[in-house]
Each structure stands twice: as structure tokens, then as C-alpha cells.
There are 2 protein chains.
Amino acid sequence: MATSDPVYLRVVEDIRRQINDGSLPPGAPIPSRAQLTRKYQVGETAARHALRVLAGEGLIIGRVGSGHYVRERPDLTSLHRWRFLDHPAPFAADLQSQGRRVTWDWHSEPTEAGPDLARRLRIGESTALTKTRYIFRGDGRPLQLATSYEPREFAAHSEEERRSLVARMYAHGIKITEIVESVHTRIPRPAESDALDLAAGVHVLHVERTHWAGDRPVETSDIVIPGDRFRITYSMPV
Amino acid sequence: MATSDPVYLRVVEDIRRQINDGSLPPGAPIPSRAQLTRKYQVGETAARHALRVLAGEGLIIGRVGSGHYVRERPDLTSLHRWRFLDHPAPFAADLQSQGRRVTWDWHSEPTEAGPDLARRLRIGESTALTKTRYIFRGDGRPLQLATSYEPREFAAHSEEERRSLVARMYAHGIKITEIVESVHTRIPRPAESDALDLAAGVHVLHVERTHWAGDRPVETSDIVIPGDRFRITYSMPV
DNA sequence: CGATGACTGCTGGAGCCCCAACTTTGCGAT
DNA sequence: ATCGCAAAGTTGGGGCTCCAGCAGTCATCG
């Protein structure tokens, strides 16, 4: 089976091996198209296809006019979810507690639920909601997008109020009892690629978070995090 | 800026739009290379590149001899982590509790820690460990790979013993107090693509799970889950 | 001595072509 | 009516070529 493998795969696998075993360290230049054709005795099509595949995997990055280089693979920063945190962006809060400077912008607007949110919040599709978009930056780099949805009647009337969902709910006689977070991975939408400054081939972690009061969901948010820089850590007491 | 965009992007964006707004429903055929060149007045290179990009994103799938089709996007199955579960694969256990048939194979072998595991388990690099690989299948399809590492002296001597880490540890006077799971996303290694039967462009969710006894890690595992079929859900009581 | 400009090498976009392997379809023969 | 088979269409691998735009380098000119 390995005999009739496509030739570009030979190139891909050889370079991948060299990156993995360290003989091509981060930042090292990859041979150019012309060099690859000579080195592996393949056509230019195969050479460039190999480079494209490796770039698509995020292992190397191409710089026009310069060459391809092994991507620096920053250690994944761990966003720790180690206890209940009453904060619009618990993951950002964790970075802050690690001593990093975190800044953010936000913007609120009224909206209607629609089918997806109606399901998530167990409300009617035309329920009036407040939608708040956040963009968080840590150490100057974009770090997370968050979009929060909550019923209009709970809207915050001051910065203080906005920061604490739990306190705001409590003022309406609602006690939040559980937070549920659902993690999956997907391809970033174009707007997210822009906002998070993502390289090609990088996926995002998408967390759907819902605050529950008993058996009733009262707020839900979508949190989008660059998949190449972060991991999310959950602690569960036994 | 949109004027000098590469032509293949025009094709990509038009098809993506049609998939998103439903005019190309799941299973619908995408025009062939030849048809695309005519329809969008582009060369064959641009047409095939557009198809490749869309396939790389997992939006469409190419079948040799037949054509490209809009991928069926199964709803993400939620693997629920809603309470402490003493099971080699809590995510598989959750599927089971959803009424799906889950089967698995496993295989144990002795190994040495090495630098990475030494760090994770806070032990010396040459500590003797037992490595157990699992492959879980749900409804006939591969669902999760897991590799568990634990100190050799805790090895299970029977099937019953193997199933409960907590009981086994307890027999050694060790009480597990916390489970920490760290989630990130990455490109599957070739062996994982094979074993999990992943389509091109699909990422995996990689969960590093560690069982702690007080401030001492006693077991750690790597759990690899197809990113296109599952989401992981964590519940946190407030 | 310093600045400008020409030259070379590289990537990424694009076009056209050939071929093997596979699917689908439709026709013709039984 | 059904079976078998050939023809047509499609993907994926691969080859060759051209060009625009960018990044260095190096030599030449003021």
C-alpha cells in the first residue's frame, strides 16, 4: 500500500517527521518549491501541494517573497475553569489572575430570540433579548470573542450591574444554581478570523455557556477562543 | 479590496453562501470542475482549488467518479460530564446512558514515563508506568481513543479491578479527590485519522484528564474525540 | 559614505493538459 | 424485462508554464 502512495505525501511525511523530531526547529526555513523538486525528484505541482498541505495543517507558514518556515508553536495557555466565577468572561478572568493584562470592549443591543436561542433559553422565538458582544484582549493580542444573550427585563443599568450577572438575577429573585458549558471545535467564520487575528488552518474552540436557575435557563453565551493558543481546563471535585 | 480578490475565492464564497442559506441542502451535488469553469468563467485550476478549499473546511465531500456533495452535518452529540463518574471513559459512559450501544477494546503494556508524563504525573522520567490503550465504538462507529498512564504498582489484576480506578487506588490507601480535564483542539495524527475514520480537515478534541489525590496526580490519560461529531459538556454547580 | 535602484529568488494565483481509477447511465442483446 | 457492457462524466494525482508582488542583496551613482 505504501508503494503507490501519492508522491506529494512522501514529501509531506518527510517534512512532518523532521518538524516533529526537531531536526527542523520552529522558525527554520523549509526548502523552496524549486529545491523540493530537486531534493525529492518530484514535479513542481507535487512540491507546492506538499507545502500547501503542511501550511493547511498549521505546521508551516508561507511568507510571500521570503519562503516557508516552521511555525512557532506557542505553548497552549490554560484557561482554568476551577470554580464558579461570576464574570462575563471567566476564561479572561483566569488570564487576569495569571498576571496578564486583559482589556475588553463591549457593545449591547436589543434583539429577538429566533429559533436557536429559543431552544437554548426555552423561550418563545420572538422574546425580547439583550445581546452583548465582547472582545477580550490579553497582552495586546485578541484572546476571545463572547456574545451573551439574556432576557431584556434583566438588562444592566450600570457598569457595576453589568459585571455581575448573578447579582442582577438575584435582584429579580432568581438564584443561579448551575453553569453548563459545552465545548466543541469548528472552523472560524470569516469575521472571527479577522477579529481574533487567526492564521490559516487554525480552528476555534466554541463554548456555549448557559446559566441555569433550577431547571430554567436564564442566560446563554457563545464564547469563541483561538484553538492554537489556548486549552480550557475544568476541575471536578470527586 | 474586493475587486482584486483571487477568483477562486469568489467561487468558494458563493458556494459557501448557498450551503449556509440552505439553497444547497446536505447531500446536494456541487457542480463539477467543468461546470464551475463555465458557470463562473474561471480556469480549471481556480475551480478545483475552490472545491479543495471547501472540502478542506469539511463543508463538502468529494467522491471519486461521482462528484462533490454537501456534507451531512450531523448534530454534535453531547458528551456530558455532569458528575463524577468512575469509568475509564466517562464520555463513552455518557453515550451508553443515552441508550447507544458502546463497545471497546483495550490493551495494556508496560512503559516508562519520559519527560512529558513525568511533568504531568510529577514523577521521575524513568518511573515504571502501565499504559493502557482503549478504542471505543458507539453504534458501530469509532468514537474515542483513550490512553491511560498509571504507576505500575497500581496495575489491575482482573477485569473488575481495571474498570474502577478509584476502588483500585483506594485499596492502596489513596483517595481520589479531584479530576482535572484540559480540552484543546488539534490536527489528528495519521494513526488517529485511521483509527477514528476521520474525513480530511476534521480536527479532534484532545482531553488531558488527570486524577488527583490531594496535591498528587495519580493517573493521567489522553482522550481523543472526533471534532465533527461531538461536543463535550461540563456542568458546574454554583 | 550613503542612498537608490536593479536583480534574483520566493510565494501564491492562475491556466492548460494528461492520465488512472471510479460511478453512473444508457443502450443493446438476450 | 432484465442483464451486461461500453461510453461518458468526475475526482484526484501529477506535470508544465506564466505572472504579480514582495524581500532580500548587491552594485552603482551622487
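The shown structure was predicted, so the numbers you read here are calculated from the model rather than taken from an experiment.

Caption draft 1: Here's a closer look at unusual backbone geometry. The backbone of Arg-122 of chain A shows a phi angle near 55 degrees, a positive value even though the residue is not glycine. Here Arg-122 of chain A shows up in the loop between α5 (114–121) and β6 (128–138).

Caption draft 2: Expanded view of the sheet that holds strand β10 (residues 216–226) of chain A. The 8 strands lie next to each other as β5(A)-β6(A)-β7(A)-β10(A)-β9(A)-β8(A)-β11(B)-β4(B), forming an open sheet whose pairing is mixed. Whereas interior strands pair on both sides, the edge strands pair on one side only; in this sheet they are β5 (102–112) of chain A together with β4 (77–81) of chain B. When the angles between neighbouring strand axes are averaged without regard to direction, this sheet yields 20 degrees. Two elements, strand β9 (residues 204–213) of chain A and β10 of chain A, share 10 bridges in a ladder whose sense is antiparallel. In the strand pairing of β10 of chain A, Arg-209 of chain A is matched with Ser-221 of chain A.

Caption draft 3: Examining the protein's contact with DNA strand C more closely. The environment of DNA strand C is made up of 23 residues, and the closest members are Arg-33 and Arg-48 of chain A together with Val-7, Gly-43 and Thr-45 of chain B. Taking all atoms of DNA strand C within 4 Å of the protein, the share assigned to sugar and phosphate is 58%. Val-7 of chain B places a polar main-chain atom, nitrogen or oxygen, 2.3 Å from a phosphate oxygen of DNA strand C. Separating a phosphate oxygen of DNA strand C from a backbone N or O atom of Tyr-8 of chain B is a distance of 3.3 Å. Elements with a minimum of two residues in the surface near DNA strand C: α3 (44–56), β2 (60–63) and β3 (67–70) of chain A together with α1 (7–20) and α3 (44–56) of chain B. The element contributing the most residues to the surface near DNA strand C is α3 of chain B, with 4 residues. Here the surface near DNA strand C is built from residues that sort into 7 nonpolar, 10 polar and 6 charged.

Caption draft 4: The sheet that holds strand β11 (residues 230–237) of chain A, seen in detail. Sheet architecture is open: 8 strands sit in the order β4(A)-β11(A)-β8(B)-β9(B)-β10(B)-β7(B)-β6(B)-β5(B), paired in mixed fashion. The sheet is open, and its two edges are formed by β4 (77–81) of chain A together with β5 (102–112) of chain B, each paired on a single side. Each adjacent strand pair in this sheet contributes to an overall mean axis angle of 20 degrees, direction not counted. Sheet strands touched by helix α4 (residues 90–97) of chain B: β5, β6 (128–138), β7 (141–151), β8 (178–186), β9 (204–213) and β10 (216–226) of chain B. Its angle to β5 of chain B, the strand with the most contacts, is close to 170 degrees. Running at roughly 120 degrees to β10 of chain B, helix α5 (residues 114–121) of chain B makes contact with β5, β6, β7, β9 and β10 of chain B of the sheet.

Caption draft 5: Looking closely at the domain arrangement of chain A. Structurally, chain A comprises domain 1 (7–70) and domain 2 (77–234). Using C-alpha coordinates to define each centre, domain 1 of chain A is positioned 39 Å away from domain 2 of chain A.

Caption draft 6: Quick look at the packing of helix α2 (residues 33–40) of chain A against α3 of chain A. Residues and elements named next belong to chain A. Closest axis-to-axis distance for the α2/α3 pair is 9 Å, and the angle between their directions is 115 degrees. With respect to α3, the axis of α2 lies roughly perpendicular. Here α2 runs over α3; the crossing is right-handed. Across the interface between the two elements, Arg-33, Leu-36 and Thr-37 from α2 touch Glu-44, Ala-47, Arg-48 and Leu-51 from α3. Looking at the contact of α2 with α3 residue by residue, the classes come out as 3 nonpolar, 1 polar and 3 charged.

Caption draft 7: Helix α1 (residues 7–20) of chain A, seen in detail. All names here are of chain A. Relative to the 20 Å expected for 14 residues at 1.5 Å per residue, α1 spans 20 Å between its end C-alpha atoms, a close match to the ideal helical length. Those residues of α1 that fall on the buried side of the exposure criterion are Val-11, Val-12, Ile-15, Arg-16, Gln-18 and Ile-19. Looking straight down α1, one finds its buried side chains confined to an arc of 160 degrees; they lie on one side. On the buried face of α1, the contacting elements are β1 (29–30), α2, α3, β2 and β3.

Caption draft 8: Quick look at the interface of chain A and chain B. Taken together, the 33 residues of chain A in the interface contact 32 residues of chain B. Counting each side, the surface lost to burial between chain A and chain B is near 3000 Å², with a carbon and sulfur contribution of 61%. Considering only the surface of chain A that becomes buried against chain B, Tyr-234, Met-236 and Val-238 of chain A emerge as the three largest contributors, covering 22% of it. Between Glu-208 of chain B and Arg-231 of chain A there is a salt bridge whose closest N-O contact spans 3.5 Å.

Caption draft 9: A look at the pattern of salt bridges. Taken as a whole, this structure holds 31 salt bridges over all chains when the rule is applied. As a salt-bridge pair, Arg-120 of chain A and Glu-208 of chain A come within 3.5 Å of each other at their nearest N and O atoms. In this pair, Arg-120 of chain A is assigned in helix α5 and Glu-208 of chain A in strand β9, connecting sequence segments 88 residues apart. Here Arg-17 of chain B ties to Asp-14 of chain B by a salt bridge, and the two come within 2.9 Å at their closest N and O atoms. Taken together, the residues span about one helical turn, with Arg-17 of chain B and Asp-14 of chain B both in helix α1 at a distance of 3 residues. A cluster of three or more residues bridged by salt bridges with shared partners is formed by Asp-116, Arg-119, Arg-120, Glu-208 and Asp-222 of chain A together with Arg-231 of chain B.

Caption draft 10: Layout of the protein's contact with DNA strand D. Lining the immediate environment of DNA strand D, one finds 22 residues, of which Val-7 and Thr-45 of chain A together with Arg-33, Arg-48 and Gly-65 of chain B sit closest. Within the backbone of Val-7 of chain A, an N or O atom sits 2.2 Å from a phosphate oxygen of DNA strand D. Take Tyr-8 of chain A: an N or O atom from its main chain is 3.4 Å from a phosphate oxygen of DNA strand D. Those elements giving two or more residues to the surface near DNA strand D turn out to be α1 and α3 of chain A together with α3, β2 (60–63) and β3 (67–70) of chain B.

Rules used throughout
- Residues numbered from 1 in each chain as written.
- Chains lettered and ligands numbered in written order.
- Predicted model: local features only at pLDDT ≥ 70, side-chain atom pairs only at ≥ 80, totals over all residues.
- Heavy atoms only, no water.
- Helix = DSSP H or I, 4+ residues; strand = E, 2+ residues; numbered from the N terminus.
- Pairing = 2+ DSSP bridges.
- Axes fitted to C-alpha atoms, helices over the stretch in contact; angles between N-to-C directions.
- Near = heavy atom within 4 Å.
- Polar contact = N/O pair within 3.5 Å; in protein donor to acceptor, adjacent residues only side chain to side chain.
- Nonpolar A, V, L, I, M, F, W, Y, C, P; charged D, E, K, R; others polar.
- Contact = heavy atoms within 4.5 Å.
- Domains from an automatic or database assignment.
- Parallel < 35°, antiparallel > 145°, perpendicular 65-115°, else oblique.
- Left-handed = near helix turned anticlockwise from the far one by under 90°.
- Expected span 1.5 Å × (residues − 1).
- Buried < 20%, exposed > 50% of the residue type's maximum accessible area, 1.4 Å probe, protein only.
- Arc of directions from axis to C-beta.
- Buried area = accessible area lost by both parts, 1.4 Å probe.
- Salt bridge = Lys/Arg side-chain N within 4 Å of Asp/Glu carboxyl O.

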